[in-house]
Amino acid sequence: MDINADMIVNIDLYAGALLALSGVLFMALRTTSLKDIRSKLLISLLTAAIVSGVSGLVLSLLPAAQYDSLGLLVRFLDMLIEVAINVQLIVIFFYILYEIFKSADYVKRKFFKYIIPEVILVLLPVLNVFTNILWYYDENHELSYSYLYMAYTIFRYAFLIAGVALYLRFKSQEKNARRFNIWLLVIPMLIGTFSESFTGYGAWMLFGTIGYTNLYILVASEMGYRDHESGFFNRHYLKQLYGLVDNGTYQLSSIITYKLADDSAVEKFADAIRSVLPDECDTIRIDAGKFVTISESADRGYVFMLSEDVAMMAEEAGLEVTVDSITRDKNEIPADFFIDNIRIKR
Amino acid sequence: MKIIEITKENAEDFQDFLGEDLVADMSRTFFNGLAATDDSGTCHGVLVYELLGVDSDDDTSSRIRLIAGDDEEIKASLQDEYRKAASEADVGKSFFETSESEVASFFEKLGFSKSSGESMELTITVSELEKLPIKRDVKLPDYIQSLADVSVIQYRNFVKKALIKGTKGAVEDLAYLPLSWFKREVSSCSVSDDKIDGVLLIRETPSGELHPLLYTAYGPDFVKNLSLILINSVNYALENYPPDTKVVIYRHDKKVLMLVHKLLAGYKGSEIYMGTREE
């Protein structure tokens, strides 16, 4: 088979489609809870990536000579790609909002603030099918773009950049944003955008899909730190945490320990206490029936309240649990406090 | 004459000295009291103090809320017992505020410094809330609610969050007070995803005063929510309390001072005497 210029141009479309499909397979095999809004957003993201990848693949397989007779199909597939790319941008933007603020209510409240850009982003490609205001096929059956398309492209990326700016503003205020790394997604997309702009070859989808896959891998790796029975962090996370405590990143200041009388009631216990655990604290399963909640706060009032709440919720669930707590003295080294008070069986 | 401890169980016995508001305060975790009684059990003097900084890494200090007695000798005895109790509690510093010059002079004789200035407490009336520079006629969104509409768990989860972030307002024992301590109808909150993310906690004392004690919010909309929460509480107070109801604001830190100055420009606390002593 001769390799020609058309095929080289379309390699990224093939690769994008393959990556998108494999990403969906990962999601299907490993997503444990579709109730998690983050999972839903990522599924939307990857579905949009698939649509754009597969549409691009189909388009690239259509021989150029047939564009004339299959003009409407081609334009429809082009529209699908554009809509899918735009959906990806919108989903990314709201994913950023959600991950930053962890509030579905907040995203809903701000929804209408962004709905006009969304309408523009999604409907213009549809409008293009009938009006050719963004792109069209010239008399040589080659794809051409109008100046409006360039403005439209800039607008799309401004939308994404606004999301990144929001993230940066938040990160300067909240140090707990450490787990969400937007650059894993944005850098590949920026590479794709620049390469497409300067070389004329379509690379956006390839790099975009790399970005989405990176994001998924980030989510999946975080899931690797989770205990599947309780949903809390596991001992792998504890080891990572010790590193953060030792290097001063995490100022461990209080530890509340829960010891279940019945090790087999882990899931029931976790479900009972989940609603009273603060978002600012991490809860880790360190043994069969033993958990700790850790915090950078040494406030004894908070420790007292949480201990009371856990004991109360466990009692309501009919579970017997022993709750102990300790706060670090201000002169004590956090790493020593960690070692002395979080004992795990080897 | 013997000195006994005032507890929540016996506080009502000393109501003549304490007043109904302090009687209620004696059930609070960091409030302590001493009473000088004779053999027949008649009270001749009381001293009430509040410990501050017990639950944090800060040095513990003590705010003497009240000292009263039939004569100087009784008050001195109460002070001696207080010093012992303060020592046991690792109090580093004691301080007082009083409007009475004689009381200030009494403290000065016991080693306290003495100066005069504006009280940290600012008292206004409910009718004066109308003058606040806020848009009271704005339509409040559904997520701004009265504290009467939230559950105890929601409230406790918010308090835990506030304590983790180091916010207690004017309530040193916030962790130990039940939701019912505050007047739920006039207190307001903002709720997002079923979680409280902003509050204005107000206590209605037994004598009928309103004491705003905690005003804080978190999240991306915290500035807007703070305004809306305040509007909700102010409107409720104006509609449901007599215009001459006292509202006592304790300007316990610089942030509150600046906020009150912004909202109630021109209002000043009364002139009082104050002093401190290292223990």
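Everything numeric here is computed off the predicted structure, so don't read it as measured data.

Here we come to the overall build of chain B. Per the secondary structure count, chain B includes six helices and 13 strands. Rg of the C-alpha trace for chain B: 20 Å, near the compact-globule value of 19 Å for 279 residues, within the 12% margin. Seen along its three principal axes, the alpha-carbon backbone of chain B occupies a region of about 60 × 40 × 35 Å. Across the 279 residues of chain B, 36% fall into the buried class. Look at the contacts in chain B between residues 6 or more apart in sequence, and 69% of them connect residues 24 or more apart.

Low pLDDT marks stretches whose predicted atomic positions should not be read closely. This prediction gives chain A a mean pLDDT of 76; 68% of its residues lie at or above 70. For chain A, per-element mean pLDDT is lowest for helix α1 (residues 5–30) of chain A, which scores 58, and highest for helix α10 (residues 300–316) of chain A, which scores 96.

This part covers the packing of helix α9 (residues 266–273) of chain A against α10 of chain A. Residues and elements named next belong to chain A. The contact between α9 and α10 brings their axes to 9 Å, and the two run at 125 degrees. As summarised for this structure, α9 and α10 are arranged oblique, according to the angle between their axes. Remark: the crossing between α9 and α10 carries right-handed chirality. When α9 is examined against α10, the residues Phe269, Ala272 and Ile273 are found in contact with a partner set consisting of Val310, Met313, Ala314 and Glu316. Across the contact of α9 with α10, the residue classes break down as six nonpolar, no polar and one charged.

What follows covers the interface of chain B and chain A. Each side of the interface is counted separately: chain B has 19 residues, and chain A has 21 residues. A per-element tally of the side of chain B that touches chain A places helix α4 (residues 152–164) of chain B first, with eight residues. A class-by-class count of the residues in the side of chain B that touches chain A yields eight nonpolar, four polar and seven charged.

Moving on, we come to the environment of glutamine 240 of chain A. Residue and element names in this part refer to chain A. Structurally, glutamine 240 can be placed in helix α8 (residues 235–246). Classification of glutamine 240 by C-beta neighbours within 10 Å gives exposed; the count is 11. Sequence spacing of glutamine 240 and tyrosine 225 is 15 residues, and the spatial spacing of their C-alpha atoms is 9.4 Å.

Residue and element names in this part refer to chain A. It is the contact of α8 with helix α11 (residues 334–341), at a shortest axis distance of 8 Å, that shows an interaxial angle of 150 degrees. By the angle between their axes, α8 is roughly antiparallel relative to α11. When the axes of α8 and α11 are compared, the crossing they make is left-handed. Taken together, the residues of α11 that come into contact with α8 (itself represented by Tyr242, Val245 and Asp246) are Pro334, Ala335 and Phe338. For the contact of α8 with α11, a count of residues per class yields five nonpolar, no polar and one charged.

Taking 1.5 Å of rise per residue, the 19 residues of helix α5 (residues 222–240) of chain B would be expected to cover 27 Å, and the 27 Å separating its terminal C-alpha atoms lies within 8% of that figure. Taken together, the buried residues of α5 of chain B touch β8 (144–146), β9 (188–192), β10 (195–204) and β11 (210–217) of chain B.

Attention now goes to the pairing of strand β4 (residues 282–287) of chain A. All names here are of chain A. Of the strand pairs in this sheet, β4 and strand β5 (residues 290–295) are connected by five bridges, and their pairing is antiparallel. Across the sheet, threonine 283 pairs through a bridge with threonine 293, a residue of β5. Between β4 and β5, which pair antiparallel one after the other, the connecting turn spans two residues.

Residues and elements named next belong to chain B. Its identity is not glycine, yet aspartate 90 carries a phi of approximately 60 degrees, on the positive side. By the secondary structure assignment, aspartate 90 is in the loop between α2 (72–88) and β5 (93–98). C-beta crowding within 10 Å serves as the criterion here: with 12 such atoms nearby, aspartate 90 is assigned to the exposed category. One non-glycine residue with positive phi stands out, namely aspartate 193, at about 55 degrees. Tracing the backbone shows aspartate 193 in the loop between β9 and β10. Here aspartate 193 falls in the partly exposed class, since 15 other C-beta atoms lie within 10 Å of it.

Here we take up the nonpolar core. With 66 residues, the main nonpolar core has Val159 and Val199 of chain B as its most contacted residues. The element that contributes the greatest number of residues to this core is α10 of chain A, accounting for seven residues. Once residues lying within four places of it in the same chain are set aside, the contact partners of valine 199 of chain B are Phe158, Ser187, Cys189, Leu214, Thr216 and Ile229 of chain B. With 31 residues, the next largest nonpolar core counts Phe17, Ala68, Ile74 and Ala104 of chain B among its residues.

Turning next to the sheet that holds β5 of chain A. All names here are of chain A. Ordered by their spatial adjacency, four strands build an open sheet running β4-β5-β3-β6, and the pairing between neighbours is antiparallel. The open sheet has two free edges, formed respectively by β4 and β6 (321–327), since each of these has just one partner strand. The mean inter-strand angle of the sheet, taken between neighbouring strand axes irrespective of direction, is 20 degrees.

Quite often, the size of an interface is put as the accessible area lost when its parts meet. All names here are of chain B. Domain annotation for chain B reports domain 1 (2–118) and domain 2 (123–250). Relative placement of domain 1 and domain 2: their C-alpha centres are 29 Å apart. Of all the secondary-structure elements, those providing two or more residues to the side of domain 1 that touches domain 2 are α1 (15–25) and β3 (43–52). It is α1 that provides the largest number of residues to the side of domain 1 that touches domain 2, a total of three residues. Its residues placed into classes, the side of domain 1 that touches domain 2 shows three nonpolar, one polar and five charged.

In this section: the pairing of strand β12 (residues 246–250) of chain B. Moving residue by residue along a regular strand, the side chains alternate between the two faces of the sheet. Residue and element names in this part refer to chain B. Where burial is concerned, the two faces of β12 differ: the one with Val247 and Ile249 is buried and the one with Lys246, Val248 and Tyr250 is not. With five bridges connecting them, strand β7 (residues 121–125) and β12 associate as antiparallel partners. By the bridge assignment, glutamate 121 is partnered in β12 with tyrosine 250.

Parameters and conventions
- Residues numbered from 1 in each chain as written.
- Chains lettered and ligands numbered in written order.
- Predicted model: local features only at pLDDT ≥ 70, side-chain atom pairs only at ≥ 80, totals over all residues.
- Helix = DSSP H or I, 4+ residues; strand = E, 2+ residues; numbered from the N terminus.
- Rg over C-alpha atoms; globule rule 2.2 N^0.38 Å.
- Buried ≥ 20, exposed ≤ 12 C-beta atoms within 10 Å, placed from the backbone.
- Contact = placed C-beta atoms within 7 Å.
- pLDDT = per-residue confidence, 0-100.
- Axes fitted to C-alpha atoms, helices over the stretch in contact; angles between N-to-C directions.
- Parallel < 35°, antiparallel > 145°, perpendicular 65-115°, else oblique.
- Left-handed = near helix turned anticlockwise from the far one by under 90°.
- Nonpolar A, V, L, I, M, F, W, Y, C, P; charged D, E, K, R; others polar.
- Expected span 1.5 Å × (residues − 1).
- Pairing = 2+ DSSP bridges.
- Core = buried A, V, L, I, M, F, W, Y, C linked by C-beta atoms within 7 Å.
- Domains from an automatic or database assignment.

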